[in-house]
Amino acid sequence: MSVTGSGSENQRVVSGMRPTGPLHLGHYHGVLKNWIQLQYQYECFFFVADWHALTTHYEDPIDIEENVWETFIDWLACGINPGSCKLFIQSRVPEHAELHLLLSMLTPLGWLERVPTYKDQQEKLREKDLATYGFLGYPLLQSADILAYKAGFVPVGEDQVSHLELTREVARRFNHLYGKEKGFEEKSLAAAAKMGKKNAAIYLECAKQYRETGNVEALERGKALVSSQGNVSLGDRERLYGYLEGTGKIILPEPYPLLSQHPKLPGLDGQKMSKSYGNTIAIREAPENIEKKIRVMPTDPARVRRTDPGDPEKCPVWSLHKVYSSEETKNWVMQGCTTAGIGCLECKKAVSDAIVEHLRPIQERAMEYKNNMPLVKEIVREGCEAARDLAEETLEEVREVMGLVHRER
Ligand code: TRP
Ligand code: SF4
């Protein structure tokens, strides 16, 4: 992935999750493990997207309230560290809604209708009426969630990449329409001069070459030069990138997806783990349930009798071993399964024990947070405040360039 561009030195990460029910191992391996790593590498903002939950659950909003808090408990229990990142609730930062409205003014309908998840989800969730204005705007609200923080990176699953593409298009359109700052040319030249005589000369030469001949290498060289400057203010940086490309000031930088490096954990039936397939193990699943659910899992269909050898690659239980078992246990399974040396129940017991062991400390921590809701609420209150401060800064700029600052002198 190429991340040269105005976002490359922007080390802010934003991501959200809809509060649609208890989190399961699919969330843990697919999302949370990734976030837990990122929180130590970037400035991270993670939020519960309660408005996004309403787009599909507007008929039963009661559950959302409880799910919001339970989601935070799960995050914290899994190792999201509020000392290293900010946790907040989308609807407690109304700037997201304001930005969504403002972006809606310049977003062509066709862009939203063409987002693949729009039709897909409508078809998948046939029992719900999703021919709503709010549902069409789902990915644009997501764009606002991201652009309000000028995030450089957004950890998401494959299914969300199209929403990031839309976000970049909207940002580009916004910058094109509103990046025409008064005195932009002079301000850019002044910013270039601040890099020192020699650098400024190289920079201007790159800008000239790119603009006159479309020389992409010159553009890249210019960008690299700007991004290597330590003491350039964010505003100047945005001007320098904009000037280089011959556009205006970049007000809303384009964010890039960060796809998880962790392998996905399939559900109990081998399909994607998802609540709607009823194939999940919840992070706070009771140990006896975990054992029961694994005991009835399908196995390699060729292993009908205990004496039939099997092939772990054709068995969903093996996917769990791959994530949860030691090398030694995995060798035992491989060997035992293919020679009919072990039975499926033994094999399953080994992996359910490992899962229970892995979840034990997480479940204990969840219990502690659950018994200390004032602490959870304080963490979220602080996160909301920090998020609002940042989003407000962006909105001030956005209102300004859109002509919405009506000062009463
Ligand atoms: N749509 C995302 C999902 O279903 C959730 C989400 C909402 C999100 N706003 C976001 C993710 C902003 C990343 C950034 O998973
Ligand atoms: Fe699956 Fe284990 Fe049975 Fe082999 S022994 S089929 S891996 S459950």
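Residues numbered from 1 in each chain as written. Chains lettered and ligands numbered in written order. Predicted model: local features only at pLDDT ≥ 70, side-chain atom pairs only at ≥ 80, totals over all residues. Heavy atoms only, no water.

Thoughts on the site of ligand 1
Put simply, the rule is: When at least one non-hydrogen atom of a residue lies within 4 Å of a molecule or strand, that residue is treated as near it. In the analysis that follows, any N or O atom pair within 3.5 Å is treated as a polar contact, provided that within protein one partner can donate a hydrogen and the other can accept it, and provided that, for residues neighboring in sequence, both atoms belong to side chains. Under the convention used here, a 1.4 Å probe and the Shrake-Rupley method define accessible areas, while residue burial counts only the protein chains that appear. Note on conventions: DSSP H or I runs of at least 4 residues are helices, E runs of at least 2 residues are strands, and numbering of each starts at the N terminus. Classification convention: Asp, Glu, Lys, Arg as charged; Ala, Val, Leu, Ile, Met, Phe, Trp, Tyr, Cys, Pro as nonpolar; all other residues, Gly among them, as polar.
Lining the immediate surroundings of ligand 1 are 13 residues, of which His52, Tyr138, Gln142, Asp145 and Gln160 lie closest. Separating a nitrogen atom of ligand 1 from a side-chain N or O atom of Tyr138 is a distance of 2.7 Å. A distance of 2.7 Å is found between a nitrogen atom of ligand 1 and a side-chain nitrogen or oxygen belonging to Asp145. Contact with the protein chains covers 90% of the free accessible surface of ligand 1, which is 360 Å². Going through the elements one at a time, β1 (12-17), α8 (138-147) and β4 (153-156) are the ones with two or more residues in the shell around ligand 1. Looking at the shell around ligand 1 element by element, the count peaks at four residues for α8. When the residues that make up the shell around ligand 1 are grouped by side-chain class, the tally is six nonpolar, five polar and two charged.

Focus: the site of ligand 2
Note the following rule: Site definitions follow a grid-based scheme: protein atoms alone, a 1 Å grid, a 1.4 Å probe that fits but cannot get out for cavities, and for pockets an open set with protein on both sides within 12 Å along at least five of seven lines, plus lining residues having an atom within 4 Å of a point. Grid points define the cavity or pocket, and a molecule sits in it when more than half of its atoms lie within 2 Å of them.
In the vicinity of ligand 2, the residues found are Thr299, Asp300, Arg303, Cys315, Val317, Val333, Cys337, Cys344 and Cys347. Cavity membership is defined here by more than half of the atoms lying within 2 Å of grid points; on that basis ligand 2 lies in the largest cavity.

Structural notes on the domain arrangement of the protein
Selection criterion: An automatic or database domain assignment supplies the residue ranges for each domain.
Partitioning the protein into structural domains gives domain 1 (2-178 + 254-263 + 373-401), domain 2 (192-245) and domain 3 (284-370). Centre-to-centre, using C-alpha coordinates, domain 2 lies 56 Å away from domain 3.

With respect to the packing of aromatic side chains
In plain terms, the rule: Geometry of aromatic contacts follows a simple scheme: Phe, Tyr and Trp rings, the Trp one being its six-membered ring, pair when their centres are within 6.5 Å, and the pair is stacked under 30 degrees between planes, edge-to-face over 60, tilted otherwise. When a residue's accessible area, from a 1.4 Å probe over protein chains only, is under 20% of the maximum for its type it is buried; when over 50% it is exposed; and in between it is partly exposed.
A complete count under the given rule lists 13 aromatic pairs for this structure. Centre to centre, the rings of Trp35 and Phe46 are 4.2 Å apart; their planes meet at 0 degrees, and the pair counts as stacked. Here Trp35, found in helix α1 (residues 25-38), pairs with Phe46, found in strand β2 (residues 43-48); they are 11 residues apart in sequence, far enough to count as distant. Neither residue differs from the other here; Trp35 and Phe46 are each classed as buried.

Some details on empty space enclosed by the protein
Rules: Grid points are joined across faces, edges and corners, and a volume is the space filled by probe spheres set on the points.
Under the definition given, this model contains one cavity of 30 Å³ or more. Put simply, the largest cavity is a space of about 100 Å³. Along the walls of the largest cavity sit 13 residues, with Arg303, Cys315, Cys337, Cys344 and Cys347 positioned nearest its centre. Across the lining of the largest cavity, the residue classes break down as nine nonpolar, two polar and two charged.

Here we look at the environment of Tyr203
This is how it is decided: By definition, residues are in contact when any of their heavy atoms lie within 4.5 Å.
Residue position: Tyr203 is located in helix α11 (residues 197-213). C-alpha separation for the pair Tyr203 and Ala193, spaced 10 residues apart in sequence, amounts to 9.6 Å. Setting aside residues up to four positions removed in sequence, Tyr203 forms contacts with Ala192, Met195, Leu225, Val226, Arg239, Leu240, Tyr243 and Leu244. Engagement of the side chain of Tyr203 in a polar contact is seen with the backbone oxygen of Leu240, the distance being 2.5 Å.

What to know about the pairing of β2
Convention followed: Here, a strand pair is defined by DSSP locating no fewer than two bridges between the strands. Crossovers are described as right-handed under a simple rule: with the strands pointing away from the observer, the path leading from the first strand over the helix to the second runs clockwise.
Burial of β2 is extensive: five of the six residues sit out of reach of the surface. Two elements, β1 and β2, share six bridges in a ladder whose sense is parallel. Its bridge partner being in β2, Arg12 is matched across the sheet by Glu43. In terms of handedness, the path from β1 via α1 over to β2 forms a crossover that is right-handed.

What about the pattern of salt bridges?
Which entries qualify depends on this criterion: Salt-bridge detection follows one rule: a side-chain nitrogen of Lys or Arg within 4 Å of a carboxyl oxygen of Asp or Glu.
Scanning the entire structure with this criterion turns up 23 salt bridges. As a salt-bridge pair, Arg12 and Glu43 come within 3.0 Å of each other at their nearest N and O atoms. With Arg12 in strand β1 and Glu43 in strand β2, this pair connects stretches of sequence that are 31 residues apart. Look at Glu43 and you get partly exposed, because its relative accessible area is 38%. Taking the shortest distance from any N to any O, the salt bridge between Glu385 and Arg381 comes out at 2.7 Å. Here the residue Glu385 and the residue Arg381 both occupy positions in helix α18 (residues 373-401), the gap between them amounting to four residues, near one helical turn. Assessed through its relative accessible area of 36%, Arg381 is described here as partly exposed. One connected set of salt bridges, linked through shared partners, spans Glu70, Asp74, Arg284 and Lys370.

A closer look at the side chain of Thr117
Tracing the backbone through its elements, the reader meets Thr117 in helix α6 (residues 116-124). Once residues within four sequence positions are removed from consideration, Thr117 is found in contact with Asp159 and His163.

Some words on the packing of helix α2 (residues 50-57) against α8
Defined as follows: Axis geometry follows a simple rule: fit a line to the C-alpha atoms, using only the stretch in contact for helices, then measure angles between N-to-C directions, giving values from 0 to 180 degrees. We call two directions roughly parallel when the angle between them is under 35 degrees, roughly antiparallel when it is over 145, roughly perpendicular when it lies between 65 and 115, and oblique otherwise.
α8 packs onto α2 with a crossing angle of 175 degrees between their chain directions and a minimal axis gap of 10 Å. Put simply, α2 runs roughly antiparallel to α8. Of α8, the residues touching α2 (which contributes Trp51, His52 and Thr55) are Tyr138, Leu141, Gln142 and Asp145. Among the residues forming the contact of α2 with α8, the class breakdown is three nonpolar, three polar and one charged.

Regarding unusual backbone geometry
Of note in the backbone geometry, Lys150 takes a positive phi value of approximately 50 degrees without being a glycine. With respect to the helices, strands and loops of the structure, Lys150 is situated in the loop between α8 and β4. Among the residues examined, Lys150 registers a relative accessible area of 8% and is labelled buried. Despite not being glycine, Ala340 has its phi angle at roughly 60 degrees, a positive value. Within the element layout of this structure, Ala340 appears in the loop between α16 (327-338) and α17 (344-370).

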